[in-house]
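As a plain string of letters, each chain reads:
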Amino acid sequence: MGAQEWHPDPEREDGGETAAPQGIVVGVDGSEHGQCALVWAAREAVRRRRPLHIVTAYSVPIFAASGLDGGYATVDDSVIREGAEAIVRQALDKIAGYDIEVSSSVENGDASGVLLDLSESAELLVFGTRGRGGFVGRLLGSVSSALPAHAKCPTVTVPLVCSDRLGETTEDRRVKAEQAKSGHQPVENVVVVGVDGSEQARIAVLEAADQALRLGASLRVVCAVPQYSGSLAWVPAPLDRKALFADIQVTLDAGMAWLRSHYPGLSAESQLRDGSPVEVLVAEGRHVELVVVGTRGRGGFTGMLLGSTSDGVLHHAKGPVMVVPDREDPRLADRARFGPILGAA
């Protein structure tokens, strides 16, 4: 294993500043959800040959004082901090067998803010879908909804329901019942990415292609077309569904030609599906390695940081989900050379 360092809070000891963590950052809180995220992140660090940084965060409660000396009081954080440090030590022990460089930290502050700051330098943020509601203060749960919308790097949310594929166990009765109902299903070595013709989706496709290469997997590009609703302003009216599918297929084929020009050695296919994008992608996530979506696409308001599709997939995911933020990529410049773009003038 690579060098393993533990820096609970370096600034408290010597007043110095530590370098921002590079590579993969995973948030833990001692919960089963956090353990699944930790295992997935460690495996990803091996695949990418990148360092892994483990972090937990806590906040010190502030209470309003009563009586004549009205004011505010804080509690001694030593016990809280010791518990947080124990969680980090447990996480380090769990992944001790992985041949990766590992660092860790215990941060005092709001978990969302801590992880968001770390996303400025990280290559990837990983966390579970829910966690403890105790002292670590929403490290998982609401954070797993907030971070994908604001993070500066891609994020991966790992739901507890896929614990069995990671070799983990759970005592969550709801999850155990769901796993028993679905039975053991082999996981296809496939990365699925949802597209809708938007530039944001093309960014997600590029990230998904990179991930497929790391996994030695094939890529499945899925475009799901829901029934017409007023929110789908890009759908022509009067609606001719057969003609609509034909038009979308042309743009999808052009997009695949563009993708293959940049990834000639990648095994990739496209599927045009009839149905809700959320339902289609959630169903795909049950038996593939990873589902990838952008932060937003067509439909909704441009100011909406997390689109209804990506938000819906996160809330109902049955496997790991990567959300890719907006970014510039020079490979987008030549997309028009390969054929029509959906919604382009």
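These figures come from a predicted structure and were not determined experimentally.

**Things to note about the overall build of the chain**
Helix and strand content of the chain: 10 helices and 12 strands. Burial status across the chain gives 49% buried among its 345 residues. Taking contacts inside the chain between residues at least 6 apart in sequence as the whole, the part at least 24 apart equals 78%. Of the roughly 16300 Å² of accessible surface on the chain, a fraction of 51% belongs to carbon and sulfur atoms.

**Thoughts on the nonpolar core**
The biggest cluster of nonpolar side chains holds 66 residues, and the ones touching the most others in it are L52, I54, V126, L219 and L259. By residue number, the principal contributor to this core is helix α7 (residues 199-215), which donates nine residues. Grouped together as the second largest cluster of nonpolar side chains are 14 residues, V280, V291, A317 and V321 included.

**Description of helix α3 (residues 78-94)**
Compared with an ideal rise of 1.5 Å per residue, which puts 17 residues at 24 Å, α3 spans 24 Å between its outermost C-alpha atoms and is within 8% of the ideal. For α3, the full list of buried residues reads I80, R81, A84, E85, I87, V88, A91 and L92. Buried residues of α3 fall within an arc of 150 degrees about the axis and therefore sit on the same side. Among the exposed residues of α3, those pointing more than 90 degrees away from its buried face are V79 and D93.

**Regarding the environment of E171**
Residue placement: E171 occurs in the loop between β7 (155-158) and α6 (173-182). A C-alpha to C-alpha distance of 8.5 Å links E171 and E32, two positions 139 residues apart in sequence. Aside from chain neighbours lying at most four places away, what touches E171 is E32 and K176.

**Description of the sheet that holds strand β2 (residues 52-58)**
Through backbone hydrogen bonds, the strands of a sheet pair up, either in parallel or in antiparallel fashion. In spatial order, the strands read β5-β2-β1-β6-β7-β12-β11-β8-β9-β10; together these 10 strands make up an open sheet with mixed pairing. Looking along the sheet, the strands with just one partner apiece sit at the ends: β5 (102-108) and β10 (268-274). With direction set aside, neighbouring strand axes in the sheet form an average angle of 25 degrees. Two strands pair when backbone bridges link them, and β7 and strand β12 (residues 321-324) are joined in this way by three bridges, in the antiparallel orientation. When the bridges of β12 are listed, V156 appears paired with M322.

**Looking at the environment of D274**
With respect to the helices and strands, D274 occurs in strand β10. Between the alpha carbons of D274 and C223 there is a distance of 8.6 Å; along the sequence they are 51 residues apart. Apart from residues no more than four positions distant in its own chain, D274 is found in contact with V225, Q227, R241 and F245.

**Some remarks on the pattern of salt bridges**
Applying the stated criterion across every chain yields a total of 13 salt bridges. Between R81 and E85 there is a salt bridge, with the nearest N and O atoms lying 3.1 Å from each other. Here R81 and its partner E85 are both found in helix α3, four residues apart, which amounts to about one turn of the helix. Side by side, R81 and E85 carry an identical accessibility label, which is buried. One salt bridge in this structure joins E284 and R273, with 2.9 Å as the shortest N-O distance. Taken together, the residues span a long stretch of sequence, with E284 in helix α9 (residues 277-285) and R273 in strand β10 at a distance of 11 residues.

**Some thoughts on helix α2 (residues 32-48)**
For α2, with 17 residues, the first-to-last C-alpha span of 24 Å sits near the 24 Å given by 1.5 Å per residue. Counting buried positions along α2 yields 13 of 17 residues, so the element is predominantly enclosed. Of the residues one or two after α2, R49 is the one with positive phi, at around 55 degrees.

How each quantity is defined
Residues numbered from 1 in each chain as written. Predicted model: local features only at pLDDT ≥ 70, side-chain atom pairs only at ≥ 80, totals over all residues. Heavy atoms only, no water. Helix = DSSP H or I, 4+ residues; strand = E, 2+ residues; numbered from the N terminus. Buried < 20%, exposed > 50% of the residue type's maximum accessible area, 1.4 Å probe, protein only. Contact = heavy atoms within 4.5 Å. Areas by Shrake-Rupley, 256 points an atom, 1.4 Å probe, with all protein chains shown as cover. Core = buried A, V, L, I, M, F, W, Y, C linked by side-chain atoms within 4.5 Å. Expected span 1.5 Å × (residues − 1). Arc of directions from axis to C-beta. Pairing = 2+ DSSP bridges. Axes fitted to C-alpha atoms, helices over the stretch in contact; angles between N-to-C directions. Salt bridge = Lys/Arg side-chain N within 4 Å of Asp/Glu carboxyl O.

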